[in-house]
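Report on the structure
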Amino acid sequence: MILDLSSSRDLLLALLPELVLTAWSLVLLLLIAWRHRTAADLRLAGCVTLAALASTAGAVWWLWWHAARAAPTPLAAMIAVDDFRFVTDWLFLGAAALTVLLSFNYLEREQLLIPEYHALIVFATLGMMLMGGGDDLIVVFLGLELLSVSVYVLAGINRKSAAGAEAAFKYFLLGAFASGFLLYGIALVYGATGTTGLRAIAAQVGAGAGGGTMLAIGLALLLIGFGFKVAAVPFHMWVPDVYDGSPTPVTAYMASGVKAAAFAALFRVLGEAFSAVAAWHEIVWWLAVATMVVGNLIALAQRAVKRMLAYSSVAHAGYLLVAVAAGPRPGSAAFLFYLVAYTLMTLGAFALLAAKGRQGERDVLIDDLAGLATRHPWLAFALAVCMLSLLGFPGTAGFIGKWYILAAATSAGQGGLAAALVLTSVISAGYYLPVIMAMYMKPEPSAEAHVGMRLGRLGYAVVTVCVAGLLFFGVRPNRLLDLARTGGVAGPPAPEAIPAAPAVSAAHAPTAR
């Protein structure tokens, strides 16, 4: 299906998922204005949110199944119509749906009877979709701001928590600071090239008409802005306090969906607009090394599980930056595969942490998990799978994701980055394995240590989905990798970039759809 984006009808079709989610957000706002007092009202808002996310995923599937593509037009398109957008949209919607399911029991347990929570999740997800699908720097920036404002409020939604207020304030200040860098970078890029469309910028740069100091400074400011959003070192200072002070489902959402959206936008901007600019490869190379080393070393010193996972997310941002540094052609499939794996293992780990603690789970230490396997063997097994996948242990999706990132880096001639990834992954065993050792090799400190640990039925469903996905893609990654290969932002990856996987279906070929 070829869409002429200069036609209003075809443009509306291209924006169908975003329009569906926007319509549902208006319905949700009306519902919240009418019913917003009891736990039943909160559950109703959550059910409407799940219906909104499911119907939006159906709209994305409809466009993907019909192989929707944008027809060439004289005017630069502001929204991309490609498989990269569709794959990332499914990822954002899936992360949001799992977060909502996890939040049902958590919000009632913590007495956070705030139905606006679900509306903010919907608006944040809409911002993610605009970031992942934006083919223009202005659209990317608008999506980023819609996402950021929603998450600022979510971080401090527990008004009884001083740590939550501190987290929201810090996130707002540093987020606004990063947005200023990003917007100034967009202005300089526009001044150098005369356009904000990604493909038009690429054409100007390729023709030599957009080079010069102004473009270089603009690109540097863009990298600084995105560096804050993806929590790359040295722009990661907000991560531990914001993740630690926010409600745990919100932390899970920030560490998975929000980070995935920032990376998707960064990958598209660099791959489409600045593929002919060689300077950013070296910058991202150093960012990746610093992020992997600093994130893993600081995580080693953490005893609180939540702060350990916060610094772990910084380290994983470094692993994803390796795929970005490899370039769009060799790195696109590995990048998307690892985004999916990282989302599953992060959501699963934070879901289990939410079951263990109370009032933000800030005080849950690694030693507090001692003997968990005796009292709750299924929860201990699920957390062990998440930890092993974060470590990159064979048989899990985390291992396959790191393997493909290594393959992409080496095929792009980035042997140093590949070596740094392996060495820092070895370091990460120093804080992932103690969690497993505490659960399985240490006795319970008391008979009541884990009595109050409850997930709820929907929480169990979230953890089951995450663990099943990690184990399934750890032994059968071909289907997900096949989908990831179709989602490159600069055409299909080069054949030598990723080890060949057996073709499992022709359903992903445009002619078959």
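The structure we're discussing is the one just above.
Residues numbered from 1 in each chain as written. Predicted model: local features only at pLDDT ≥ 70, side-chain atom pairs only at ≥ 80, totals over all residues. Heavy atoms only, no water.

A few words on the packing of aromatic side chains. Within the structure shown, the criterion is met by 18 aromatic pairs. Taking 5.0 Å as the distance between ring centres and 85 degrees as the angle between the ring planes, the aromatic pair formed by Phe177 and Phe181 counts as edge-to-face. Here Phe181 and Phe177 lie together in helix H7 (residues 162-193), a separation of four residues that amounts to about one turn. Accessibility expressed as a relative area gives 47% for Phe177, which makes it partly exposed. A residue is classified by how much of its surface remains accessible, and Phe181, at 24% relative accessible area, is partly exposed. (Phe/Tyr/Trp six-rings, centres within 6.5 Å; stacked < 30°, edge-to-face > 60°. Helix = DSSP H or I, 4+ residues; strand = E, 2+ residues; numbered from the N terminus. Buried < 20%, exposed > 50% of the residue type's maximum accessible area, 1.4 Å probe, protein only.)

Throughout the structure, instances matching the rule amount to zero disulfides. Just so you know, Cys386 is unpaired, no disulfide at all, and the nearest cysteine sulfur is the one on Cys466, 6.4 Å from it. With a relative accessible area of 0%, Cys466 lands in the buried category. (Disulfide = S-S within 2.5 Å.)

A full pass over the atoms with the stated rule returns 17 salt bridges. The residue Glu18 makes a salt bridge to Arg85 at a minimum N-O spacing of 2.7 Å. In this pair, Glu18 is assigned in helix H2 (residues 16-34) and Arg85 in helix H4 (residues 83-109), connecting sequence segments 67 residues apart. No difference in accessibility class separates Glu18 from Arg85, as the two residues are buried. (Salt bridge = Lys/Arg side-chain N within 4 Å of Asp/Glu carboxyl O.)

Function-wise, these values are silent; they only describe arrangement.
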